[in-house]
Amino acid sequence: MAEPVALLQRLIRFDTVNPPGNERPAQEHLAGLLSAAGFEVELAGRTEERPNLVARLRGHADGPTLCLLSHVDTVYATAEDWQHDPWSGDIADGFLWGRGALDMKSQTAAEVAAAIQLASEGWRPARGDLIVVCVVDEETGGAEGAQWICEHRPDLVRCDYLLNEGGGTVIPYDGRRVHGVCVAEKGVF
């Protein structure tokens, strides 16, 4: 089973700054975890160094497919500008530090850990499939990630419902926290 905080720390330790990306080691790590939990896993990409990960948990009967979509590449980090090494995954002062901790290895870790937990407990969708998709190249436009997989392997990612990053920041309002909802943020998907 994957514990989300430990998984996030491990993902941060993979330097996936885009360009150049070099996401393969991170994708192989995730593929191993998901495969061991019972997912059908495929790595597919335009190049060997930058595969997209698609993990499918088949349901008991035909029905709608839910896709959990995230990306594993990050933007550049200058280590000298950070209080902690951007690829350390250190926990200090109540925070987990590292490039990708917010955008968006945290969501990747949460989705993968939740999917592994469900599958490891024997859960399967009653109808339809659950797919976990971790793409590359989101930070520079998706030509090797979401765009590539939708154009060249749509069979892997076709879904009825998709959850992804977006919606903006949390808005404090009247003593509560309001979370926005963004519709159709990934138009290509």
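Remember, it's a predicted structure, so these values are computed and weren't measured experimentally.

What counts as what
Residues numbered from 1 in each chain as written. Predicted model: local features only at pLDDT ≥ 70, side-chain atom pairs only at ≥ 80, totals over all residues. Heavy atoms only, no water. Axes fitted to C-alpha atoms, helices over the stretch in contact; angles between N-to-C directions. Helix = DSSP H or I, 4+ residues; strand = E, 2+ residues; numbered from the N terminus. Parallel < 35°, antiparallel > 145°, perpendicular 65-115°, else oblique. Left-handed = near helix turned anticlockwise from the far one by under 90°. Contact = heavy atoms within 4.5 Å. Polar contact = N/O pair within 3.5 Å; in protein donor to acceptor, adjacent residues only side chain to side chain. Expected span 1.5 Å × (residues − 1). Buried < 20%, exposed > 50% of the residue type's maximum accessible area, 1.4 Å probe, protein only. Arc of directions from axis to C-beta. Pairing = 2+ DSSP bridges. Salt bridge = Lys/Arg side-chain N within 4 Å of Asp/Glu carboxyl O.

A. Representation of the packing of helix H1 (residues 4-12) against helix H3 (residues 105-120) in the model. For the pair H1 and H3, the least separation of the axes is 9 Å and the interaxial angle reads 135°. The angle between the axes of H1 and H3 places the two elements in the oblique class. Handedness of the H1/H3 crossing: right-handed. The segment H1 lies against H3, with Pro 4, Leu 7, Leu 8, Leu 11 and Ile 12 engaging Lys 105, Ser 106, Thr 108, Ala 109, Val 112 and Ala 113.

B. Examining the environment of Trp 97 more closely. Turning to its location among the elements, Trp 97 is positioned in the loop between strand E5 (95-96) and H3. The spacing of Trp 97 and Trp 87 is 10 residues in sequence and 8.2 Å in space, taken between C-alpha atoms. Leave out the neighbours within four places in its chain, and Trp 97 touches Ile 12, Gln 83, His 84, Ser 88, Gly 89, Asp 90 and Ala 92. A polar contact of 3.2 Å, which involves the side chain of Trp 97, links it to the backbone oxygen of Ala 92.

C. Focus on helix H2 (residues 24-36). Its 13 residues place the ends of H2 18 Å apart at the C-alpha level, agreeing with the 18 Å of an ideal helix rising 1.5 Å per residue. Among all positions of H2, only Arg 24, Ala 26, Gln 27, Leu 30, Ala 31 and Leu 34 are buried. Taken end-on, H2 shows its buried residues confined to a sector of 155°, consistent with a single buried face. Structurally, H2 contributes buried residues whose contacts are with H1, strand E1 (40-44), strand E2 (52-57), H3 and strand E6 (130-135). In the segment just after H2, Gly 38 is the residue with positive phi, at about 110°.

D. Structural context of the pairing of E6. By the criterion of burial, E6 is predominantly enclosed, with 6 of the 6 residues buried. Where burial is concerned, the two faces of E6 agree: the one with Leu 130, Val 132 and Cys 134 and the one with Ile 131, Val 133 and Val 135 are both buried. Here E2 runs beside E6; their pairing, made up of 5 bridges, is antiparallel. Across the sheet, Val 54 pairs through a bridge with Val 133, a residue of E6. In this structure, strand E3 (residues 66-71) lies alongside E6, joined through 6 bridges in parallel fashion. Along E6, the bridge assignment pairs Leu 66 with Leu 130.

E. Representation of the side chain of Thr 65. Position of Thr 65 relative to the elements: it lies in the loop between E2 and E3. We classify Thr 65 as buried; its relative accessible area is 9%. Apart from residues no more than four positions distant in its own chain, Thr 65 is found in contact with Arg 56, Asp 129, Ile 131, Arg 158, Cys 159, Asp 160 and Tyr 161.

F. Spatial organisation of the pattern of salt bridges. For the structure on display, the rule yields 11 salt bridges. For the salt bridge of Arg 56 with Asp 129, the shortest nitrogen-to-oxygen distance reads 2.9 Å. Remark: Asp 129 occurs in the loop between H3 and E6 and Arg 56 occurs in strand E2; sequence separation between them is 73 residues.

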